[in-house]
Every structure is written in C-alpha cells, then in structure tokens.
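Residue-level listing of the chains:
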Amino acid sequence: MQLAQIGVIVVLLLAWAAISWRGRRALDELGRGITALDEGRRTWPNRIRTGGAVGRLTALFDAVAPRLEARIERLEQERRQLRAVLSGMAEGVIAIDPRRRLVFANASADKFFGLDASAVGRLVAELVRSPQVQEAVEATLTGTGPYEGEINLPSREPGLRVPSRILAVHGTPLTGSPPQGAVLVFHDVTELRRLERMRQDFVANASHELKTPLASIKAYTETLLDWALHDENVNEKFLHRIEEQADRLNQLILDLLSLARLESGQDFYEHGPLALVPFIESCVESHRGRAEAKNLNLTVNLSPIGNDTLILADEEAIRQILDNLIDNAIKYTPEGGTVRVRGQLLDNCVAFDVTDTGIGIPRDDLPRIFERFYRADKARSRELGGTGLGLSIVKHLVLSLGGKISVDSRVGSGTRFMVKLPQFQPPLQKS
Ligand code: ADP
C-alpha cells in the first residue's frame, strides 16, 4: 500500500473517531438535559452540535423542552391556585381513595377533624372517630349518586376548646364503577341551625304570649255576657281585668314591633347630639310616682358626668333603655328598697348604671336574660305585667348606639345594670 493511501485511511479513521466521540458527547448532554427537565432545571439548548440521528434528536429536544417546561409551569401554577382556593375555603374538603385512605384535606377539614401533616395516606376511620363521618364516606362510595346529609361532630377536647359543631355534608363519588374514591365537602351550619331554632322558639313564644292575655279577655267577656254584666259585685272587677290584659297585649305588640324594627336593621331612630344629664333626670322623675307608691327610695346622682356632656343618640332610644331598666328595678324590688341611678365618665365613654336592692337574678339565668322572652321567674314576670322582651330591646338599642351593657346580680341582694355609651365631641367651631 502506498503511503498516500495509508495517509487517507488514517485521516478517515481519525475523522470517524472524532465524529463518534462528538456523537457520544452530544448523547451524554442530551441525557443530562432530560434529567434536568425531570428535575425542573434548565440546561438547554444543547451546546454540542452534531449531525445524523443524534443531531436530529438533540434538535428535537431543544425545540420540545421549552414548551414542556412552560406546560409544566402552567400546571404547577394551576395546582398552586387550586391549593390556595381550597385552603381559603370555609368548607372542609377531603378526598379519599377507594380503600378509605385520605388523599387530601384542606385547612378547614384539618381544623374540623384535628388532622395534621401525617394524616395523608391513613385510614379515615382512624383519623376521624365519628361514626356519622364513616357513614357519610360509605354512603358516598357505595351509593349511586351524590350524598347529602348532616352530622353532629362532638367537641374534640374536654373543656370545649373545640366545641361541638353541626356540619352539612356533600359527598361526590369520583368517576368509575366502583368509584375511584370520593370527595366530601363539610359546611359548618351550627350558627344557621341555632338561628333557625331561635326563630322557631320566637314564633312559638310570641304566639303563646299573645294567646294568654287574649284567652283571659275572652273568658272575662264571656262571663260578663253570660251572667256577670249586671252583678255589681264582680262586673267592675272583670272589666278592670280585661283592661289589664288589653294593656299587656298592647305592651307586647309594642315591644314586638320595637324588636322587629331593631332587628330589621332599618334605622328609624334619628341619632343627634343629646345632653344626657337633663334627659336622664327627666326620665327618672317620670318613674317617681310608681317608686313612691311602692315605698321605694329612688335616687339619682349624675354629677360626675357634667351637664354639657353629649352623646350621639335619639331621645326615644335612650328613653326606652332607661324606662326598661328603671321599670324592672322598681318591679323586682320589694317595698322599702332602693333604686339608684348613677353616672360617670370613663375614658371616652359616658356610663350610667341602674342599681336596685331587689330580688336579684340567679347566676345560671344571668347569661340568658337578654334573650327574647327569657325570664328568670316566668310567673312573677307575668304577674308584674312583664313581656320578657324589655332587656332584649335594651341590648339591641345599646349595641346600635355603639355601646355596651353588662349586669351584676346577687339573689336576695340586688341587681346592677351598667350601660356604656361613646361620648360625642362636637367638632371645634372655627372663629
Ligand atoms: P320582663 O318583662 O319579664 O321584665 P325583661 O326582658 O325586662 O322582661 O327582663 C328579663 C328577665 O330578667 C325578667 O323576667 C327578670 O327575671 C329578670 N330581671 C330583669 N331586671 C331585673 C331586676 N332589676 N331584678 C331582678 N330580675 C330582673
């Protein structure tokens, strides 16, 4: 073989070695690029250019990788948004697989059921010890359509740190037969159910309260028509009873209307600057006759407030608050006792209290006396012409004026109601 031919062969061999070495490096780089894509890193475009199949593969990867990266980023963003939406939901959401293992729980579900990060992958029956939740899970997984129900979730910690709740459950089986799992949504309806119960109680109480005086009026009227009309021993007495019951009915309707107006949120009061001291004094005076008739000592001391102290309130609202409190104090204080109205300035508030030396309110009843129709002693309240609505109206009024009301009481010693209202500072006049 001639030297020139050997030279050509050597050159060709060297060229082939260089090309295959470059191809291997290009393949290595492509491998690294695929790994990086999998790990969410970016290493493309490939730097080593080569021809042939490897070159075409590298070019294809360079073209596809950025599109794949963008798609993965979009999916990741959607996943983050979905998580944010789920974790911001007031409803608890859990997803379970067909083997009843927890796949996902959002923040509200964690709170309802006391779940933590280790919960995913564990059996729901182990995590949530509520037979009603198990029933909801089973019904969703084995039923033919979505499941709707309501469960009572007992308080989780002694001392009611996590109080019992009523949860409405909506369970949806995931597609497949049998289902590939289920999603259950828990909506806290505790407050809604409480309000519904209150409304039902209110309607029942109101009907009962209205029926009682009406029944008396009807009975006395029938008796008068039957035989008592011309019996001078009883006819006047019966007519007085009818008048009393009609007054009670009237008071009840007025109180119900006041409450309805207050609760409707429509402000029919016109709040304006009101000098409290002269107003309270005149209200107290209007009760003096009744207090004296019962031999009660009615006193008023408002000197710490000052005559020109203002609040922003409608006269009628303040009159209703005071009338109810003073009326109760007189009603529930036996003869010879004392009813005292005092005022003081506290921070930026005007405070006044109505204190009596009356029968007092049992401790167990205290938290409930501002509820509609709640009375510590039903019979006594009725006998004294009470409707059971006065304090409820007072509380609504005080709150609507931006104030606070509280009560202290001891059975047999007396009761003190304290009202705190924001003081009104008129804007300074420009001279
Ligand atoms: P009522 O018309 O029955 O007086 P209220 O709503 O004004 O209704 O008061 C609710 C209940 O609170 C009363 O029935 C009574 O049991 C109790 N109560 C209110 N004020 C006093 C008081 N000053 N002393 C003792 N009990 C009171």
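Everything numeric here is computed off the predicted structure, so don't read it as measured data.

1. Comments concerning the overall build of the chain
Reasoning step 1: The helix and strand tally for the chain stands at 12 helices and 12 strands.
Reasoning step 2: The C-alpha radius of gyration of the chain comes to 40 Å, more than 25% above the 22 Å expected for a compact globule of 431 residues.
Reasoning step 3: Taking the principal axes of the C-alpha coordinates as reference, the chain spans close to 155 × 70 × 35 Å.
Reasoning step 4: Considering the chain as a whole, with its 431 residues, one finds that 34% of them fall into the buried category.
Reasoning step 5: Considering only intrachain contacts with a sequence separation of at least 6, the fraction spanning at least 24 residues in the chain is 58%.
Reasoning step 6: As displayed, the chain has an accessible area near 26200 Å², and 56% of this comes from carbon and sulfur atoms.

2. Describing helix 7 (residues 235–264)
Reasoning step 1: A rise of 1.5 Å per residue sets the reference length of helix 7, with its 30 residues, at 44 Å; its end C-alpha atoms lie 43 Å apart and thus fit the reference within 8%.
Reasoning step 2: Next to the buried residues of helix 7 lie helix 6 (190–226), helix 10 (315–331), helix 11 (378–383) and helix 12 (390–400).
Reasoning step 3: With its phi angle positive at about 80 degrees, G265 sits one or two positions after the end of helix 7.

3. Some thoughts on the packing of aromatic side chains
Reasoning step 1: Here the structure, examined in full by the defined rule, presents 6 aromatic pairs.
Reasoning step 2: Ring centres of F112 and F113 lie 6.2 Å apart, and the angle between their planes is 70 degrees; this geometry places the pair in the edge-to-face category.
Reasoning step 3: What makes F112 buried here is its relative accessible area of 13%.
Reasoning step 4: Pairing F370 with F417 gives two aromatic rings, centres 6.3 Å apart and planes at 85 degrees, and the pair type is edge-to-face. Separated by 47 residues along the polypeptide, F370 in the loop between strand 10 (349–356) and helix 11 and F417 in strand 12 (residues 414–424) bring together distant segments of the chain.
Reasoning step 5: With relative accessibility at 15%, the residue F370 sits in the buried group.
Reasoning step 6: Taken together, the aromatic side chains of F112, F113 and F186 make up a single cluster linked through ring pairs.
Reasoning step 7: Residue placement shows R372 over the ring face of F202; its charged tip is 4.2 Å from the ring centre.

4. Remarks on helix 2 (residues 52–88)
Reasoning step 1: The first and last C-alpha atoms of helix 2 sit 54 Å apart over 37 residues, in line with the 54 Å expected at 1.5 Å per residue.
Reasoning step 2: Along helix 2, the helix axis deviates most sharply at V64, where the bend reaches about 30 degrees; the proline P66 sits within four residues downstream.
Reasoning step 3: Looking at helix 2, one finds that the buried residues are G55, T58, F61, D62, A65 and L86.

5. Let's talk about the site of the ligand
Reasoning step 1: Around the ligand, the structure places 21 residues, and the nearest of them are N328, Y332, S381, T387 and L391.
Reasoning step 2: Interatomic distance of 2.9 Å between a side-chain N/O atom of Y332 and an oxygen atom of the ligand.
Reasoning step 3: The separation between a nitrogen atom of the ligand and a polar side-chain atom of T415 is 3.5 Å.
Reasoning step 4: When the free accessible area of the ligand is taken as 530 Å², the share hidden by the protein chains comes to 98%.
Reasoning step 5: Breaking the shell around the ligand down by element, the ones donating at least two residues are helix 10, helix 12 and strand 12.
Reasoning step 6: Counting residues per element, the shell around the ligand draws most heavily on helix 10, at 3 residues.
Reasoning step 7: For the shell around the ligand, the per-class residue count stands at 9 nonpolar, 8 polar and 4 charged.

6. A short note on the pairing of strand 9 (residues 338–346)
Reasoning step 1: One ladder, built from 5 bridges, connects strand 7 (residues 297–301) with strand 9; its direction is parallel. Bridging across to strand 9, N301 finds its partner in R342.
Reasoning step 2: In this structure, strand 9 lies alongside strand 10, joined through 8 bridges in antiparallel fashion. In the strand pairing of strand 10, L345 is matched with V350.

7. Describing the packing of helix 10 against helix 12
Reasoning step 1: Put simply, helix 10 and helix 12 touch, their axes get as near as 9 Å, and they point 145 degrees apart. In the packing of helix 10 onto helix 12, the handedness of the crossing is left-handed. Seen from helix 10, the contacting residues are A317, Q320, I321, N324, L325 and N328; seen from helix 12, they are G390, L391, I393, V394, L397 and V398.
Reasoning step 2: Looking at the contact of helix 10 with helix 12 residue by residue, the class counts come to 8 nonpolar, 4 polar and no charged.

8. Topic: the domain arrangement of the chain
Interfaces are often described in size by the accessible area the parts lose on coming together.
Reasoning step 1: Each assigned domain of the chain is listed with its residue range as follows: domain 1 (2–82), domain 2 (89–188), domain 3 (195–263) and domain 4 (272–422).
Reasoning step 2: Listed as interface residues are 15 residues of domain 3 and, on the opposing side, 13 residues of domain 4.
Reasoning step 3: Interface area for domain 3 against domain 4, summed over the two sides, is near 1400 Å², with a carbon-plus-sulfur share of 64%.
Reasoning step 4: When the buried surface of domain 3 facing domain 4 is broken down by residue, R248, L259 and L262 rank first, second and third, together holding 35% of it.
Reasoning step 5: Our count for the contact surface shared by domain 3 and domain 4 stands at 2 salt bridges.
Reasoning step 6: Here E209 makes a salt bridge to R375, at a shortest N to O gap of 2.8 Å.
Reasoning step 7: Linking domain 3 to domain 4 there are 4 residue pairs in polar contact (both at pLDDT 80 or more).

9. A short note on the nonpolar core
One broad trend across soluble globular proteins is that nonpolar side chains are buried collectively.
Reasoning step 1: I318, I321 and F417 are the most contacted members of the largest nonpolar core, which has 50 residues in total.
Reasoning step 2: No other element matches helix 10, which puts 8 residues into this core.
Reasoning step 3: Looking at which domains feed residues into this core, each of domain 3 (195–263) and domain 4 (272–422) gives three or more.
Reasoning step 4: Counting residues in each nonpolar core, the second largest holds 23 residues, with I94, A119, I151 and A182 among its members.

10. Section: the pattern of salt bridges
For side chains of opposite charge, pairing can occur when their charged atoms come near one another.
Reasoning step 1: Throughout the structure, instances matching the rule amount to 20 salt bridges.
Reasoning step 2: When the shortest N-O distance is used, the salt bridge between R79 and E76 registers 3.0 Å. Highlighted residues: R79 and E76, both in helix 2, separated by 3 residues, approximately one helical turn.
Reasoning step 3: The partly exposed category is assigned to E76, whose relative accessible area is 28%.
Reasoning step 4: Note that R194 is salt-bridged to E191, the shortest N-O span being 2.8 Å. With R194 and E191 both in helix 6 and 3 residues apart, this pair spans about one turn of that helix.
Reasoning step 5: On the basis of relative accessible area, R194 is assigned to the partly exposed category, the value being 37%.
Reasoning step 6: Of the residues examined, E191 reaches a relative accessible area of 43% and is grouped as partly exposed.

Calculation notes
Residues numbered from 1 in each chain as written. Predicted model: local features only at pLDDT ≥ 70, side-chain atom pairs only at ≥ 80, totals over all residues. Heavy atoms only, no water. Helix = DSSP H or I, 4+ residues; strand = E, 2+ residues; numbered from the N terminus. Rg over C-alpha atoms; globule rule 2.2 N^0.38 Å. Buried < 20%, exposed > 50% of the residue type's maximum accessible area, 1.4 Å probe, protein only. Contact = heavy atoms within 4.5 Å. Areas by Shrake-Rupley, 256 points an atom, 1.4 Å probe, with all protein chains shown as cover. Expected span 1.5 Å × (residues − 1). Phe/Tyr/Trp six-rings, centres within 6.5 Å; stacked < 30°, edge-to-face > 60°. Lys NZ or Arg CZ within 6 Å of the ring centre and 35° of its normal. Bend = angle between axes of the 7 residues up to and from the residue. Near = heavy atom within 4 Å. Polar contact = N/O pair within 3.5 Å; in protein donor to acceptor, adjacent residues only side chain to side chain. Nonpolar A, V, L, I, M, F, W, Y, C, P; charged D, E, K, R; others polar. Pairing = 2+ DSSP bridges. Axes fitted to C-alpha atoms, helices over the stretch in contact; angles between N-to-C directions. Left-handed = near helix turned anticlockwise from the far one by under 90°. Domains from an automatic or database assignment. Buried area = accessible area lost by both parts, 1.4 Å probe. Salt bridge = Lys/Arg side-chain N within 4 Å of Asp/Glu carboxyl O. Core = buried A, V, L, I, M, F, W, Y, C linked by side-chain atoms within 4.5 Å.

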